[in-house]
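Overview (structure and organization)
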Amino acid sequence: MEATRPIIQMIGVEKSFGRQKVLDGVDLDVAEGKTTVIVGASGEGKSVIIKHMLGLLRPDRGRILFDGRDITRMKTRELRRVRLNFGVLFQGVALFDSMNIYDNVALPLRERTRLPEDEVRRIVREKLAMMDLEGVEEKYPAQLSGGMQKRAGLARALVLDPKVVFFDEPTTGLDVKRSTEIYRLFYRAQQQLGYTAVIVSHDAPKIFKLADYVALVAGGKVQACLPPEEFQLSSNPYVKDFIESTMGTIYDTDEFREGMMPL
Ligand SMILES: Nc1ncnc2c1ncn2[C@@H]1O[C@H](COP(=O)(O)OP(=O)(O)OP(=O)(O)O)[C@@H](O)[C@H]1O
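Looking at an unreviewed UniProt entry, one finds the protein chain named ABC transporter ATP-binding protein and attributed to Dissulfurirhabdus thermomarina.

As C-alpha cells, then:
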C-alpha cells in the first residue's frame with residue numbers, strides 16, 4: 001500500500017477520569033483517505049480516543065493534530081471551524097423524530113451554510129441516493145427500519161462533504177444482512193467521496209475487510225496499527241490475544257468453513 005500522510009495524529013495522549021487512567025500514552029496516525037478501524041475489548045477507551053480526535057475531550061497530556069495543527073490548544077471558535085471537516089455517526093445518535101428525513105439530512109447544511117434551498121435539495125437528494133434511500137424524503141424516522149435509519153444518519157453525516165467520517169459502532173442492533181449492507185454503502189460512498197474513515201467496531205474479524213488499517217486499543221495504548229493482513233500476523237502479545245479471542249468468530253464463518261472443506 002502506498003504511504004499516505006496522516007490527517008490526524010495522536011501523540012502521547014493521556015487521559016484519566018478521576019483515579020481511572022483510561023489512556024496511558026496513545027500514539028496513533030490516521031492515514032488520509034483510508035479507513036482505520038479501531039478495535040479492542042469493551043471499556044478499553046475506543047470511544048474516548050474518538051472523542052479526543054473530535055476535540056470533545058481534552059487530554060491531560062499529549063497532543064492531537066488535525067492537518068498538522070494542534071487542536072488541543074485551539075479556542076472554541078477555531079475548533080468549531082475544524083469540526084466542519086468532520087462527519088459523525090455515533091451509536092445511539094438518532095435522527096430527530098419530529099422532522100422528516102429530508103429535513104433531518106438538510107439540517108447541517110441549513111445550520112452551517114447559506115446555500116439556497118435548491119442547492120440544499122440537490123445535495124440532500126444526492127446523499128440519500130448514495131445510501132440507496134430514494135423516495136423516503138417525506139417519511140419520518142419512526143416509519144423507517146433500523147437499517148434505513150442508520151443509512152439516513154450516514155447521509156446526514158456526509159452532507160457537508162467531510163474530510164473525516166467518524167463511525168462509532170455503526171452496526172449495533174442490526175442483523176448480519178443489514179450490517180453488511182451498511183458497510184457496503186459506506187465503502188461505496190468512500191470510493192466516490194474519498195473521505196478518511198475512522199470506525200470503532202466490535203465486528204472483528206468481518207470488519208477487517210473494510211479496513212486499510214486495524215488499530216488495537218489495549219492497556220491504555222494503541223498496541224498496533226497495521227494493515228489487516230499484517231495485524232493478524234503481529235507478534236505483539238495484546239494483538240495475539242485479541243486475534244485468538246476473535247478466532248472463534250473466524251472459525252464460525254461460512255467462508256472459513258468452505259475454505260476448510262477440501263481438507
Ligand atoms: N466522561 C467520562 N467520565 C468518566 N468516565 C468515562 C467517561 N468516558 C469514558 N469513561 C470511562 O472510560 C473507559 C473507556 O470508555 P470507552 O467508552 O472509551 O470504552 P470503549 O472501548 O469504547 O468500550 P465499548 O466497546 O464498550 O464501547 C470506561 O471505563 C468508561 O467508563
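A few words now on the overall build of the protein chain. A tally of helices and strands in the protein chain yields nine helices and 10 strands. On C-alpha atoms alone, the protein chain measures out to a radius of gyration of 19 Å, which is about the 18 Å that the 2.2 N^0.38 rule sets for 263 residues. Principal-axis analysis of the C-alpha atoms places the extent of the protein chain at approximately 55 × 55 × 40 Å.

The next point concerns the sheet that holds strand 4 (residues 61-66). Taken together, four strands build an open sheet; the order of strands is 2-1-4-5 and the sheet is antiparallel. Only two strands of the sheet have a single neighbouring strand rather than two, namely strand 2 (20-31) and strand 5 (69-70). Where strand 1 (residues 6-17) lies against strand 4, five bridges are found, and the strand directions are antiparallel. Across the sheet, the residue bridging to Glu14 is Arg61, located in strand 4.

Below, the discussion takes up the domain arrangement of the protein chain. Domain parsing of the protein chain yields domain 1 (6-85 + 163-260) and domain 2 (96-161). The C-alpha centroid of domain 2 is placed 26 Å from the C-alpha centroid of domain 1. Opposite the 13 residues of domain 1 that make contact, domain 2 presents 13 residues. Of the residues forming the side of domain 1 that touches domain 2, the biggest block, eight residues, is contributed by helix 6 (residues 176-193). Along the lines of polarity and charge, the residues of the side of domain 1 that touches domain 2 split into nine nonpolar, two polar and two charged.

In the vicinity of the ligand, the contacting residues are Phe17, Val22, Gly40, Ser42, Gly43, Glu44, Gly45, Lys46, Ser47 and Val48. A per-element tally of the shell around the ligand places helix 1 (residues 46-53) first, with three residues. Looking at the shell around the ligand, its residues break down into three nonpolar, five polar and two charged.

We now examine the nonpolar core. In this structure, Ile38, Ala155 and Val198 are the most contacted members of the largest nonpolar core, which totals 61 residues. Looking at which domains feed residues into this core, each of domain 1 (6-85 + 163-260) and domain 2 (96-161) supplies at least three. Excluding residues that lie within four positions of it along the chain, Ile38 makes contacts with Lys46, Ile49, Val198, Ile199, Val200, Ala215 and Val217.

Time to look at helix 6. In a regular helix each residue adds 1.5 Å, so 18 residues correspond to 26 Å; helix 6 covers 25 Å between its end C-alpha atoms and thus fits that length. Turning to helix 6, the residues buried within the fold contact helix 4 (117-130) and helix 5 (146-158). Count one or two residues on from helix 6 and you reach Gly194, which has phi positive near 75°.

For the rest of this paragraph, the subject is the confidence of the model for the protein chain. In this model, the protein chain carries a mean pLDDT of 89, and residues with pLDDT of at least 70 account for 92%. Every residue in residues 256-263 is under pLDDT 50, and counting partners more than four places away or in other chains gives two contacts. Two numbers describe this predicted complex: its pTM, 0.88, and its ipTM, 0.96.

Regarding helix 1, the residues found buried are Lys46, Ile49, Ile50, His52 and Met53. Down the axis, helix 1 shows its buried residues gathered within 160° of arc, on one side only. Two residues or fewer after helix 1 comes Gly55, characterised by a positive phi angle close to 75°.

Conventions used here
Residues numbered from 1 in each chain as written. Predicted model: local features only at pLDDT ≥ 70, side-chain atom pairs only at ≥ 80, totals over all residues. Helix = DSSP H or I, 4+ residues; strand = E, 2+ residues; numbered from the N terminus. Rg over C-alpha atoms; globule rule 2.2 N^0.38 Å. Pairing = 2+ DSSP bridges. Domains from an automatic or database assignment. Contact = placed C-beta atoms within 7 Å. Nonpolar A, V, L, I, M, F, W, Y, C, P; charged D, E, K, R; others polar. Near = placed C-beta within 6 Å. Core = buried A, V, L, I, M, F, W, Y, C linked by C-beta atoms within 7 Å. Buried ≥ 20, exposed ≤ 12 C-beta atoms within 10 Å, placed from the backbone. Expected span 1.5 Å × (residues − 1). pLDDT = per-residue confidence, 0-100. Arc of directions from axis to C-beta.

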